Amino acid sequence: MKIFHTADWHLGKLVQGVYMTEDQQYILQQFIQAIDEEQPDVIIIAGDLYDRSMPPIEAVNLLNDVLAEIILEKGIPVLAVAGNHDSAGRLNFGSRLMRNSGLYIKGQFTKEHTPILINDDYGEVHFHLVPYAEPAAIRSILGDETIRSHQEAMQKIIEHITKEMDTSKRHVFIGHAFVTKYGAEEANTSDSERPLSIGGSDCIDAALFKPFHYTALGHLHKAHFVLNETIRYAGSPLKYSLSEHLHEKGFLVIDLDEQGNCSVMKRKLVPRRDLRVVEGQLEDLLKLPPSDDYIFVRLTDTAPVSSPMERIRTVFPYAMHIERKIIRQEIPHAIQAIESEERQDIDLFRSFFTDIIGIQPDEDTERLFTEMLQELLDEERETVK
């Protein structure tokens, strides 16, 4: 059986004030083209179909169009679960009706667990759909007061599934969680993915998934395996934050043989506009070849720069963000430098500038500070009058 494993579409995503819907439509058309080329038997979407619980209408229409093309026109079943960004109730609506057409979507976790059975030349493959749910919800649904963490919740869920599992069949788990090697705390792979818990561990031990021949995960935006090659994150199809600018985006192609052995291949997707970082002094960056990519700019200028975004966009019209890269030296007395009220304003500025930047301000910088300070004082006087 050939399976496409994808996740974290985040339809309706807003990045630095830019809606990514057109970019998502572009990348999903590539995904559909890959379906035509590879002819998979099953498509998995492991959570976070939308970026928020109430997505914009454009995102809803895009998902509707893509699923209709895959399921109704191409006749390929889609198996999906809700992620932590999705509205479980909204995704769950109509799920029983849509099963007859080939869309198997589980938005809400339920105590009654029935795997989805899909046949290939060697018999049945059992797909276990487990949507994201808070430990408190799992505790209530399973009636188990010992469940307090994501680890305990997943452990009980898998015990619940395996209790009636037919071990003579092949089994695929589909879930949305923060799974790590041995359940140890690890950094998230992306700033665009919100944590699953506040004040407690949201990590789950990958060893829990050993009963399954393949585990298709969503939540982390970088494609990788955990503990072994059969426990996988597909990653997101697009870059959604600065922390993802070095990721290679795409989806996974899994070939499941008669015995349940898996071979996994990553297939890359090429975005309409890449998201990348450029770094240097402004005058040097303005000499770079023009690009329509989404650009995050790190300026290394030590002197003030006027209208940096307007100037950067003459070369990079889709620049998203500019930040100043500060080469910091030791600043043990940064706060002490501004404690003395008796020091003159310019002395305070010089001390602060030196502590933060590491060098003394030049004449132009001091003049600009003085002019801005005078403007503020003049405005304050006018207000008092």
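Notes on the structure in this doc start here. Everything numeric here is computed off the predicted structure, so don't read it as measured data.

**Notes on the sheet that holds strand β7 (residues 116–120)**
Strand pairing within a sheet occurs via backbone hydrogen bonds; the two strands may be parallel or antiparallel.
Line of reasoning, step 1. The mixed open sheet is built from six strands, whose spatial order is β7-β8-β9-β12-β14-β13. Bordering the open sheet on either side are β7 and β13 (224–226), each of which pairs with just one other strand. Averaged over all neighbouring strand pairs, the angle between strand axes comes to 30°, with direction disregarded.
Line of reasoning, step 2. Pairing between strand β9 (residues 170–176) and strand β12 (residues 214–218): five bridges, direction parallel. Bridging across to β12, Val172 finds its partner in Tyr214.

**Focus: unusual backbone geometry**
Line of reasoning, step 1. You will see that His10, though not glycine, has its phi angle at about 50°, which is positive.
Line of reasoning, step 2. A positive phi angle, close to 75°, is found at Leu227, a residue other than glycine.
Line of reasoning, step 3. Along the chain, the position of Leu227 falls in the loop between β13 and β14 (228–233).

**Observations regarding helix α2 (residues 57–73)**
Line of reasoning, step 1. Over its 17 residues, α2 extends 23 Å from the first C-alpha to the last, a length consistent with the 24 Å expected when each residue adds 1.5 Å.
Line of reasoning, step 2. Directly after α2, the chain includes Gly75, whose backbone phi takes a positive value near 70°.

**Some points on the environment of Ser87**
Line of reasoning, step 1. Structurally, Ser87 is set in the loop between β5 (78–81) and α3 (88–92).
Line of reasoning, step 2. Taking the C-alpha atoms as reference points, Ser87 and Leu49, separated by 38 residues in sequence, lie 9.8 Å from one another.

**Thoughts on the packing of helix α1 (residues 21–38) against α2**
Line of reasoning, step 1. Running from amino to carboxyl end, α1 crosses α2 at an angle of 5°, the nearest separation of the two axes being 11 Å. What the angle tells us is that α1 and α2 run roughly parallel. Note on element contacts: α2 touches α1 through Glu58, Leu62, Val66, Glu69 and Ile70, opposite Thr21, Gln24, Gln25, Leu28, Gln29, Phe31, Ile32 and Ile35.
Line of reasoning, step 2. When grouped by side-chain class, the residues that make up the contact of α1 with α2 number seven nonpolar, four polar and two charged.

The rules behind the values
Residues numbered from 1 in each chain as written. Predicted model: local features only at pLDDT ≥ 70, side-chain atom pairs only at ≥ 80, totals over all residues. Heavy atoms only, no water. Pairing = 2+ DSSP bridges. Helix = DSSP H or I, 4+ residues; strand = E, 2+ residues; numbered from the N terminus. Axes fitted to C-alpha atoms, helices over the stretch in contact; angles between N-to-C directions. Expected span 1.5 Å × (residues − 1). Parallel < 35°, antiparallel > 145°, perpendicular 65-115°, else oblique. Contact = heavy atoms within 4.5 Å. Nonpolar A, V, L, I, M, F, W, Y, C, P; charged D, E, K, R; others polar.

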